[in-house]
Amino acid sequence: MTQVSTPPPGPAPAPAPQPHPLGCLRVLDLATLFAGPLAATMLGDFGADVIKVEHPTRPDPSRGHGPSKDGIGLWWKLLGRNKRTITLDLSAPSGRDALLRLAETTDVIIENFRPGTLEKWGLGPAELHAVNPRLVLARVTGFGQSGPYSHRPGFGTLAEAMSGFAAITGEPEGPPPLPPFGLADSIAALATAYAVMTALAARTATRRGQVVDMAIIEPILTVLGPQPLWYDQLGYVQPRTGNRSRNNAPRNTYRTADGAWVAVSTSAQSVAERVMRLVGRPDLIDEPWFATGSGRAEHADELDEAVGHWIARRTRDEALAAFEKAEAAIAPVYDVRDVMTDPQYRALDTITEVQDPELGPLRMQNVLFRLSETPGAIRWAGRPHNADTDAVLTEAGLSETEIATLRATGGTR
């Protein structure tokens, strides 16, 4: 791979107020691993001035997660994009005082310390709202700010287990699997960004900020659908069914003649009928049970045999082309290599290129959605630890002498 020679990173520019839709917002990201920081990234993607606050000697752990290149963590390049980076020891009095100075002109603080930690440092909601009544404080923890589990350490893995996700995932006779990525954290990040924007919308009417209490165990439970309702009304507990669904069939992954895999979905009745005509079993459409998704699910063996046999005699490209012609729903099972070259992703610019002073051109996921008038943008990838401390503290009104004193007392590097 060709190495790109680039100069070391200089100060990151403060975002322009517009046309970015969130360009008028300042966000302090005090959180780590992964829901809180990802929520801050989502706000930064649409123009918010996100300031990442890290410990002076213990950088955000995501800098060391996963593969690295030239000693630089690649996950951080994604998670830290559009953020300016500073260091403060919030447990030190001088670091606390500096954080309060920053809070005076901040719209949102996102944190994920265990409940009571900010209060122990004199940085709880009372102190923060005393210097800035309009501040929105988003607190992202495993189990929330109250309840018998609130002081337990909490990670997304625990939410994936406790929410019921693991219990309904995987093959019926196999163990409950856990996803090999931050599923619950990512869902909680989306929910946190939504909660923050909701609180900011409320602020336009009340002119006051508030506290967002986000428990990572909750958003994933919402995404799992009506399971509590089913259990409450019917005593029904959804079992593990592998790739099948209790709500419709055929719905599975099928192997093609060239050893690839494709996924088929028939949530709509009309699509289910098209699939059966395509695979040469129109007779099944006339069966009484075929008229509903749940009825088809009860005959999944028969439907899977018909679809699987037809697909197994064709290459992946042949199967995809035939399904597309029949207007039936199918998708190839991709790994990341396929994602990087897929023409639809390319048309959407889903994986976009970012120029980075440390590593040169990088390709990563683009912003989450497209706005026709005020689009988001990746202005820079994750920056080095402590890269913007002096610039940010100077903007907050600290003099050179005050910054030097902060360093001398261990409040920053």
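Here, every reference points to the structure presented above.
This structure is a prediction, so every number in the text was calculated from the model and none was measured. (Residues numbered from 1 in each chain as written. Predicted model: local features only at pLDDT ≥ 70, side-chain atom pairs only at ≥ 80, totals over all residues. Heavy atoms only, no water.)

> Hey, could you run me through the side chain of histidine 129 in this one?
With respect to the helices and strands, the residue histidine 129 is situated in helix H5 (residues 125–131). A polar atom in the side chain of histidine 129 sits 2.8 Å from the backbone oxygen of leucine 135. If we ignore the near neighbours within four places in the chain, the residues touching histidine 129 are Leu135, Gly209, Gln210 and Val211. (Helix = DSSP H or I, 4+ residues; strand = E, 2+ residues; numbered from the N terminus. Polar contact = N/O pair within 3.5 Å; in protein donor to acceptor, adjacent residues only side chain to side chain. Contact = heavy atoms within 4.5 Å.)

> Honestly, the packing of helix H10 (residues 269–278) against helix H12 (residues 300–312) in this entry has me stumped. Any pointers?
The axes of two packed helices give the description: the angle between them and the distance between them. The contact between H10 and H12 brings their axes to 10 Å, and the two run at 55 degrees. By the angle between their axes, H10 is oblique relative to H12. Between H10 and H12 the crossing geometry is left-handed. Of the residues in H12, those touching H10 at Val275, Met276 and Leu278 are Leu303, Ala306, Val307 and Trp310. Residues of the contact of H10 with H12, tallied by class, amount to seven nonpolar, no polar and no charged. (Axes fitted to C-alpha atoms, helices over the stretch in contact; angles between N-to-C directions. Parallel < 35°, antiparallel > 145°, perpendicular 65-115°, else oblique. Left-handed = near helix turned anticlockwise from the far one by under 90°. Nonpolar A, V, L, I, M, F, W, Y, C, P; charged D, E, K, R; others polar.)

> Just to check I follow, could you spell out the environment of alanine 35 for this structure?
By the element assignment, alanine 35 lies in helix H1 (residues 35–44). The exposure class of alanine 35 is buried, given its relative accessible area of 2%. Note: C-alpha distance between alanine 35 and valine 131 (96 residues apart in sequence) is 26 Å. Once you skip the residues sitting within four places of it in the chain, alanine 35 turns out to touch Val140, Asp185, Ala188, Ala189 and Ile216. (Buried < 20%, exposed > 50% of the residue type's maximum accessible area, 1.4 Å probe, protein only.)

> I'm lost on the side chain of asparagine 132 in this one. Help?
Structurally, the position occupied by asparagine 132 is in the loop between H5 and strand E7 (136–141). A distance of 2.9 Å separates a polar side-chain atom of asparagine 132 from the backbone oxygen of alanine 103. A distance of 2.7 Å separates a polar side-chain atom of asparagine 132 from the backbone oxygen of threonine 106. Not counting the four nearest positions on each side in its chain, asparagine 132 is found in contact with Ala103, Glu104, Thr105 and Thr106.

Keep in mind that these numbers describe shape and distance, not what the molecule does.
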